[in-house]
Amino acid sequence: MRYRSQSVAYWYFAVAMVLFGLQLVFGLLSAAKYLGPDPLLNLLPFDVTKSIHTNLLIVWVLTGFMGATYWMVPDESRGELHSTKLAYIQLGLWTAMGVTAVLGYLFGYGTGNKLLEQPLPHKIVIVICMLMFLYNIGMTIKKAGRFTATEGVLLLGLTSAAVLYLPALLHYENYVVSIYYRWWTIHLWVEGVWEMIQGGFLAYLLIRLSGADREVMEKWLYVIVGLVFIAGILGTAHHYYWIGVPHYWLPLGGFFSALEPLALIGMAIYAYNAMRRSGLSHPNKLALHWTLGSAVFTMFGAGLLGLAHTFPDVNKWTHGTLITAMHGHAAFYGAYAMIVLAMITYALPGMTRRPVEESSIGYWAFWLQLGGMFGMTLSFATAGIGQVYLERILGLGYLDVQLKIQVHFLMLVATASMFSLGAGLFIFDFFRHAPDFNVDEADPVLATPRASGAAL
Amino acid sequence: MNKRQTRSFALISTAIAAVVFLGMTVDSHRQFPKLTNAQQITPEVTRGKDVWHEYNCINCHTLFGEGAYYAPDLTKITQQRGAPYLTAFLKDPSKFYDEKRHRRLMPNLKLGDEEIADLIAFLDWVSKVDNQGWPPRPILVTGASIPGMDLTVAQQNATGGDQPPPAARPVSGKEDPIALGEALFRTTATPVCSACHSIAPGVNLAGPSLAGLASRAKQVIASPDYKGKAKDAEGFIRESIVTPSIYLHPGDMFSANGMSFMPDTFVKSLTPEQIDQLVAYLASFQ
């Protein structure tokens, strides 16, 4: 750790870790309900566990983004944070928002609008927290007077994420119109501005870990951002299938969604090349695993599996089946969970007494999660294919089909348990070492990679 | 290419995509009223939408295919199930489905009468939105709609041995009345009979299974509970189509307050000849 105020990030990461663990508890509960019968039917029905599962995901990933930004910006701009006090107030407010929202869901308070279940007061607190956060980061950069392109991409991503949350605050009388604008938040977040955030972190990590040339990395970062937005903005169209909008969204969705993997494949090549050229020189190899893992798993989960059901002629059969769950799990984990875990793994030795060199627990956590998530993706895929064939094509009833695909739900619970074991190890590894906020110029985390990177 | 050029690429392509997207958003707004029948969004429909949200329905079900995947899609549910059926179901789902058998069950939400009526009005509005013809084939809650799978050997024989299976053949109007009745059963009647009745044994959809109907009809006529006028199986089936409430099939999921959930409109929507054909078809289930 080079700047004292970077220690703020530790507490953000700690909150993110706790919420991550909690998310998995509710995920496992939801998966078990697919096997049924459900002894908690009247206490904790599926709709509650499922909304808590997805909401905790959003909250912990955003907490991770904020923590990672508080770590990265002092490093990039070479100066202390504007106000650590503000950052801690923001964290308190944010955590209180998250916890009370989840408690509310347990008792049936929520808007019943998928992924935007937060009640209005909570939504307003979210906006306030985001404004506090952006103000703090903006002032830090202004004071330091150094603004890198990597930071620029990250910051633009974070600002747009805040702006795009605003349509979620409005009320629409027509249900179709409300769906239309719901996707402005959800889709343009996860397939637009969040990818910018991911790209920003990815560039930062690659520059630090592989010593790749900054000019080259930032040049390609812009290309990736351009590709993300060409395909991502108009790719919103693939959420406008079958919901009551004009027909021209169908071919448009097919075409631009097909372009979406381009940016993600570009990102994976970008990461792989940066590592190859510089030859894995940083001692924190585990962080490099997570960084490259994120780029590759995003290409697989978001790019490939998204493409698998994005064409209207395919989607008319697969829409609203477990095929969507297959894509959703792999994409979100690869793109956003893994990049946050990469930032944590990179930053942690600087903030705790943890050694920079990898530990075997760290590797177990990595491979168990990866294997588990891959297995979960396959379980959803096989269940989904069965469902599409039996229910949508042969015309068997929904409930009868769900009985026929039980074996895939068993596989889901098994692989999800494996994933949870890996995540549990990661969380254990996080809290195993006490925090140590000594400012150290010769911090091994910041060690310059031994072989300086060649250009891409 | 240098960094400045790639930055311009990112900015310009984002700007173009955003402008195109906003333009289409404006045009979509122009078309929303017609596509969504906005003039039919009555206060009842709006209240129904609030009920839909209040009870978090979307985190188990899907609507327009969006939501969770734990319970059936409800986009076209009001075209498959009438209001009396849905009302009774929402009052107590456990009377309709067995958690032991289906391994999942909708919890009883203890909805009020008005909430239920509003919710059904909302779902009915949803079912009429022009959503690009999705789903391409009806999504059933239970049962099966595989053509041909549900034919008995006797029916297959009745339409000739060397021809393709009856379900695969277009009907010209000269076939055996049973075959014509079968075509009616799946296509012509509105609502189509097969939306609510399976002819596979033991598969109860919204209406009871019609497997073995002829022999069961004889048993019903002979029982002291029967108050109708039919003397034989054919007469019983005809009576059930024309005036569904005269004999109520046992079970809370099929009727309430002495009224069958089956529509009584077939006597008007079908010609006497068509009803004869349906009777012939259904009486073939010995």
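Residues numbered from 1 in each chain as written. Chains lettered and ligands numbered in written order. Predicted model: local features only at pLDDT ≥ 70, side-chain atom pairs only at ≥ 80, totals over all residues. Heavy atoms only, no water.

Asks: I'd like to hear about the interface of chain B and chain A, residue by residue, with values.
Replies: In this assembly, 71 residues from chain B lie in contact with 81 residues from chain A. Interface area for chain B against chain A, summed over the two sides, is near 6,900 Å², with a carbon-plus-sulfur share of 62%. Linking chain B with chain A are three salt bridges, by the criterion used here. Between the two partners, chain B and chain A, sit 41 residue pairs in polar contact (both at pLDDT 80 or more). Of all the elements in the fold, those that place two or more residues in the side of chain B that touches chain A are α1 (3–35), α2 (43–54), β1 (62–63), β2 (66–67), α5 (99–102) and α6 (113–127) of chain B. Considering each element in turn, the side of chain B that touches chain A owes the most residues, 20 residues, to α1 of chain B. (Contact = heavy atoms within 4.5 Å. Buried area = accessible area lost by both parts, 1.4 Å probe. Salt bridge = Lys/Arg side-chain N within 4 Å of Asp/Glu carboxyl O. Polar contact = N/O pair within 3.5 Å; in protein donor to acceptor, adjacent residues only side chain to side chain. Helix = DSSP H or I, 4+ residues; strand = E, 2+ residues; numbered from the N terminus.)

Asks: Could you give an account of the layout of surface pockets, naming the residues involved and the relevant values?
Replies: Roughly 1,000 Å³ of volume is contained in the largest pocket. Taken together, 46 residues form the lining of the largest pocket, with Cys60, His61, Met106, Pro107 and Leu109 of chain B sitting closest to its centre. Mapped by element, the contributors of at least two residues to the lining of the largest pocket are α2 (46–77) and α3 (84–106) of chain A together with α2, α4 (83–91) and α6 of chain B. Residue composition of the lining of the largest pocket, grouped by class: 31 nonpolar, nine polar and six charged. By volume, the second largest pocket is sized at about 870 Å³. Looking at the second largest pocket, it is lined by 42 residues, and the ones nearest its centre are His197, Gly207, Pro208, Ser260 and Met262 of chain B. Elements with a contribution of two residues or more to the lining of the second largest pocket: α3 (77–80), α4, α9 (213–222), α10 (233–242) and α12 (272–282) of chain B. Taken together, the residues of the lining of the second largest pocket sort by class into 29 nonpolar, 11 polar and two charged. (1 Å grid on protein atoms, 1.4 Å probe; cavity = no way out; pocket = protein on both sides within 12 Å on 5 of 7 lines; lining within 4 Å. Points joined across faces, edges and corners; volume = space filled by probe spheres on them. Nonpolar A, V, L, I, M, F, W, Y, C, P; charged D, E, K, R; others polar.)

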